[in-house]
Each structure stands twice: as structure tokens, then as C-alpha cells.
Amino acid sequence: MPLEDAAPVEKTAPTSRDRQARLATFAVFFVQGLTFATLLTQVAALQKKHGLSDGELTILLLVVPLIAGAGSALAGAAASRWGSRLILRLVQPLACAAVVLAGLAPNVPMLVAANVLFGLGLGGVDAGMNMQGVAVEREYGRAVLTGFHALWSVAAVVGSLWASAAATLGLGLPVTFAVALVPAAAVAVFASLWLYRPEEEHRAATVRAEAAGAGRPAGVAWRPIIPLCLAMAFLYVGDSSVSNFGTVFMDKVLHASATVIPLALGAYQLTTFLVRVGGDLAVRRWGPAAIVRAGGAVATLGFVAVVAAPTVPLAIAGFALTGIGLSVVAPQSFSAAGRLDPAGTGVAIARVNMFNYVGFIVGAALVGGLADASGFRVAFAAPLVLAAAIILLARGFQPRTADPATATTVVTP
């Protein structure tokens, strides 16, 4: 049943402090998207500068998600004690600095060190910013988390456009990185002043636990989080498949022109952004489980279109559908994890975030390996199957009891 059909629990309207924290969280998401895109758009330039083979580059790129998983786990442990505000204040400028250091690196060992630093920052910020986003959502009493992820997508586009402009101007890597990320680091530090403090971040969660008569639980159980972790991993298998191999598919399978090849990834990114803009409204109307279920179905249809595409336009349409479907899974995974952590420790969010990197690594290895063995049409059948599995996992996103912190009571179908 739609969320509006359920009897709401009374919830105080957001205060000016809540709006301040929401703006700060928007800023944190924007800086993270800009940081990520600024580095990844220059991978080819870094490869050329250091004379890396394709195999060496692959290993270097895999260092980031491996280290990011550790960074996410550390952030979860630290946030349960000191809150996510302190983590973001320390780690997000560090991530910006790591990218600048990557541009300055005079040799491969220094580049690896910068990548390790970036991986730790990436994992810590990914976890921390979603902890703040979930806290904002609790205080607002309605779905708002997808909007933060939409701004991340905007920032990633801005980072890509800046990379293009910097190349046109003939700027070197150190200057390209510094111009974007020195101001970004300053924004991150300033925004951290407005983020929820630990007592504010945990306040709504404490009210929620007390209303349920449970007090503050000692820990967060793994079992109800597993569907969210799997959905997150399957999402990022699909995402990494499109990001890493979408243009290769267009080139080697459909023999598209150099002008058309980038449109596959562009269509995926565009629809991801557009759906995230209106995603919160859809979640409020139909509920997270229904939205994730529909997203899994649309993503599956998109991968079917890609695998079967006889022409370039159909393949591009398939990539666009895939973006529509996968775009809703990550924000709803974090939101659901927040509901499964009554004490608001951030542990559940950090655990789910770790599977972001698991999916990225598995996706790159699985699709790349299948492509070498059987071709890219067969390779893209792997994320197709996993996208379909998200449909079955969607039930784990459904709130099952009254939630005083989010002002919503949902009846499980």
C-alpha cells in the first residue's frame, strides 16, 4: 500500500537547524562527487605520465576500492563513538589532498601511496556522508536521501566538464587537480561546521528506540542487513560494468563511431541523475521496497536491451534504462540501513557501504573475465542476472513497524 495510506506518527516539522544540516550535507555530497570525477577523468593521463601497462593500471585502480572498504569499516567504528561529523571534517579534506598528491606524484610508488590515501578517504567519506544523510532524513520525517545522491551526480558531471576544459587549456595534472579540489576542501571544512553533532545525529534514533521500549541496543544484527548488502553489491556490479566496459561494448560489438561511443555512458549518467532528482517523491508515494523492486526490473530490461541490441540506438536506450533502474538502489540501501540501526551508530550504513566496493571489484573482474572468454554480449548477461536478483531482495527494504523518527508507519504487504 502507498505510504500515505498508513497512519503517520506525529513528527515535529524540520527546524532551521535541520535545514542548515541538510544544506551542509548537500555540500559534502557535492565535494565527494567532484573529487571522485576529478581523479577518474584523468586515469588515462596518469597512465601515460607514468608509463603504466594496462595490467599495471588495472591493479592500481583496484587498490582504491580495496582500501576504501577498509576506510568504510573504520568510519563505522569511529562514528559509533564520535559521530560522522568529525570523520567528515578530517577525512574529506584528506581525500581532496590525496587527488592533488596523485597529480604531483613523481613516480609510481608515490602514485600508489596517493591512491591508498584516496581510498581511505573515499571509504570514510562515503560512509560518513550517508550517515549524515540518514540523520537528516530522520529529522525531516520523509524521504530526502536520493536528493543528496542526485547532487553527487551533478558534481561528477561538473568534474568531467572541468577535466575537458583543463585539457583544452593545456593545464598539467597538478594544476587541474588543485584548481578543483583546493576550493572543494575548503567547502568541506566549512560545511562540516553545520553538520549534525553526535548528540543531534543520534537524537531521533534515541527517540525511536525509546518509543519502541527498547532503549539503546548493544549492536546491529547482520541478518536483516544482508539483503541490503547484496543489493548494493549487485548494483555496483552493474554500475562498474557500464562504467568500465560500456564504451568498449559500443566499440568492439557494435562498431560505433568515435562520436557516438561516449553516448552510452552519457545516457546512463543522465538518466541516473534525472531519476534521482524525483526519486524521493516516488519513495514517499509508493515506499522504498516498491521503488527498489521496480528499479531492479527496469535495470534488468535495460541489460536485456544491451545484450540483444542489434543497433547502436537500441544499445544506448538499454544503457539509459539501466541508469533509470540502478539509480534508486544505493540511496534506498543506505536509508533502509539507517532504519535497522535504532541507536543511530552508523555501523549498519558502514557495512552496507562496504559492499559498494565489493560490487565494483567483482563487476570489473567478472565482466572483464567473461568478455575475454566469450565476448561482451555474454559478459553483460552477468549484471543482467544480478539486476534481476535485486527484484527478489526488494522486500528487505520495506519498513515493518512504526517509525517515530521518520514519521511513517508502513504496513508490510
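Before reading on, note that the structure itself is shown above.
Residues numbered from 1 in each chain as written. Predicted model: local features only at pLDDT ≥ 70, side-chain atom pairs only at ≥ 80, totals over all residues. Heavy atoms only, no water.

A. Local environment of the overall build of the chain. Scanning the chain from N- to C-terminus turns up 17 helices and 0 strands. Evaluated residue by residue, the chain yields a buried proportion of 54% over its 413 residues. Surface accessibility of the chain: about 16600 Å² in total, with carbon and sulfur atoms responsible for 71%. (Helix = DSSP H or I, 4+ residues; strand = E, 2+ residues; numbered from the N terminus. Buried < 20%, exposed > 50% of the residue type's maximum accessible area, 1.4 Å probe, protein only. Areas by Shrake-Rupley, 256 points an atom, 1.4 Å probe, with all protein chains shown as cover.)

B. Layout of unusual backbone geometry. If you check the backbone angles, His-255 has positive phi at about 55 degrees while not being a glycine. The residue His-255 is located in the loop between helix 10 (226–252) and helix 11 (263–286) in this model.

C. How the structure looks around the environment of Thr-38. Note on placement: Thr-38 falls in helix 1 (residues 16–40). Along the backbone, Thr-38 and Cys-96 are 58 residues apart, and their C-alpha atoms lie at a distance of 9.7 Å. The contact partners of Thr-38, leaving out residues within four places of it in the chain, are Val-99, Gly-159, Phe-177, Ala-180 and Leu-181. At a separation of 2.6 Å, a polar atom in the side chain of Thr-38 contacts the main-chain carbonyl oxygen of Leu-34. (Contact = heavy atoms within 4.5 Å. Polar contact = N/O pair within 3.5 Å; in protein donor to acceptor, adjacent residues only side chain to side chain.)

D. Spotlight on the packing of helix 10 against helix 15 (residues 347–374). Relative orientation of the contacting elements helix 10 and helix 15 amounts to 45 degrees, with a least axis distance of 6 Å. As the angle between them shows, helix 10 and helix 15 are arranged oblique. Once helix 10 is placed against helix 15, the crossing between them reads as right-handed. From helix 10, Leu-228, Cys-229, Met-232, Ala-233, Tyr-236, Val-237, Ser-240, Ser-241, Asn-244 and Phe-245 reach across to helix 15, where they touch Arg-351, Val-352, Phe-355, Asn-356, Gly-359, Phe-360, Val-362, Gly-363, Ala-364, Val-367 and Gly-368. Each residue belonging to the contact of helix 10 with helix 15 can be placed in one class, and the counts come to 13 nonpolar, 7 polar and 1 charged. (Axes fitted to C-alpha atoms, helices over the stretch in contact; angles between N-to-C directions. Parallel < 35°, antiparallel > 145°, perpendicular 65-115°, else oblique. Left-handed = near helix turned anticlockwise from the far one by under 90°. Nonpolar A, V, L, I, M, F, W, Y, C, P; charged D, E, K, R; others polar.)

E. Structural detail: the packing of helix 14 (residues 329–339) against helix 15. For the pair helix 14 and helix 15, the least separation of the axes is 8 Å and the interaxial angle reads 150 degrees. Here helix 14 is positioned roughly antiparallel relative to helix 15, judged by the angle of their axes. Between helix 14 and helix 15 lies a crossing of right-handed hand. Taken together, the residues of helix 15 that come into contact with helix 14 (itself represented by Ser-333, Phe-334, Ala-337 and Gly-338) are Ala-348, Ile-349, Val-352 and Asn-353. Its residues placed into classes, the contact of helix 14 with helix 15 shows 5 nonpolar, 3 polar and no charged.

All quantities given are derived from atomic positions and should not be read as evidence of function.
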